[in-house]
Amino acid sequence: MLTAYLRSIGRGFSTLVFPEACLVCAAPGSELCNICKHRFIPKPKFLSGEKFSIYSSLPYDEVSKKVILLSKEQGLVAAHRILARAVSSAISAFRLKGPASIILIPTQSKSLRRRGFNHLEEIGKLILQNDFINQEIEFINALEFTRRISDQTKLTESQRTSNLRGAFRVKKVRISNPIIVMDDVITTGSTLREAVRALQERNLTVVGAATACASQRRLAVG
């Protein structure tokens, strides 16, 4: 608890100043140098291969992976901002005319306790301030785990699917708008498929999913 508290204080101070060096290459200046800034210009792309629509704005490579880890593990606000802009662009690509509910992929309790924050929630707060978004949206933590799942990092696609099968359920929350599921990255798609399954099982209207990044394989197929 003390570690999480101290981290929350550190993140509070980090919101008061901008980084003095590029997050990616450490060049002196702002949070992204001119070269790295070009890498993070959102270009939302429709990804095929699923029974629901997916838009993603950036390729998932070593550069974007570093920013995601800074956001997820260190709670760096500058990293949140970069990912928020990417997800905002992906959400806007759906061109919804009315309000939408953005459902976040859940994080396991042990990870939340260790980090002391939910990086998707922090990204969501910044998305609400983003000029890419031109419709009314709300962020809802509507999904929860039914059981503990194994670390997905080293699993194959089929193993990830088995690991996540039936792992999500919908909380007792009110959702009246069309839904877009949000995550930071899509690789195999198993996490998003399980989220959509759980939501559709409750007869909720799922428009699709939006992520900041997508693996090179998904982008090539898309």
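Residues numbered from 1 in each chain as written. Predicted model: local features only at pLDDT ≥ 70, side-chain atom pairs only at ≥ 80, totals over all residues. Heavy atoms only, no water.

## Considerations on the overall build of the chain
- When helices and strands are counted, the chain shows nine helices and eight strands.
- What you see for the chain is a C-alpha radius of gyration of 17 Å, in line with the 17 Å of a compact globule of 222 residues.
- With the C-alpha coordinates aligned to their principal axes, the bounding extent of the chain is approximately 50 × 40 × 35 Å.
- The buried share of the chain, taken over its 222 residues, is 48%.
- Expressed as a percentage of contacts within the chain between residues at least 6 apart in sequence, the contacts between residues at least 24 apart total 75%.
- With an accessible surface of roughly 11,800 Å², the chain has 53% of that area assigned to carbon and sulfur atoms. (Helix = DSSP H or I, 4+ residues; strand = E, 2+ residues; numbered from the N terminus. Rg over C-alpha atoms; globule rule 2.2 N^0.38 Å. Buried < 20%, exposed > 50% of the residue type's maximum accessible area, 1.4 Å probe, protein only. Contact = heavy atoms within 4.5 Å. Areas by Shrake-Rupley, 256 points an atom, 1.4 Å probe, with all protein chains shown as cover.)

## Re the pairing of strand S3 (residues 100-104)
- For S3, a buried count of five out of five residues is recorded, marking the element as mostly surrounded by other parts of the structure.
- Of the two faces of S3, the one carrying Ala100, Ile102 and Leu104 and the one carrying Ser101 and Ile103 are both buried.
- When S3 meets strand S4 (residues 137-140), the two strands line up parallel, connected through four bridges. Bridge pairing in S4 places Ile103 opposite Ile140.
- The pairing of S3 with strand S7 (residues 179-186) spans four bridges and is parallel. Each residue of the ladder has a partner; that of Ile103, found in S7, is Val181. (Pairing = 2+ DSSP bridges.)

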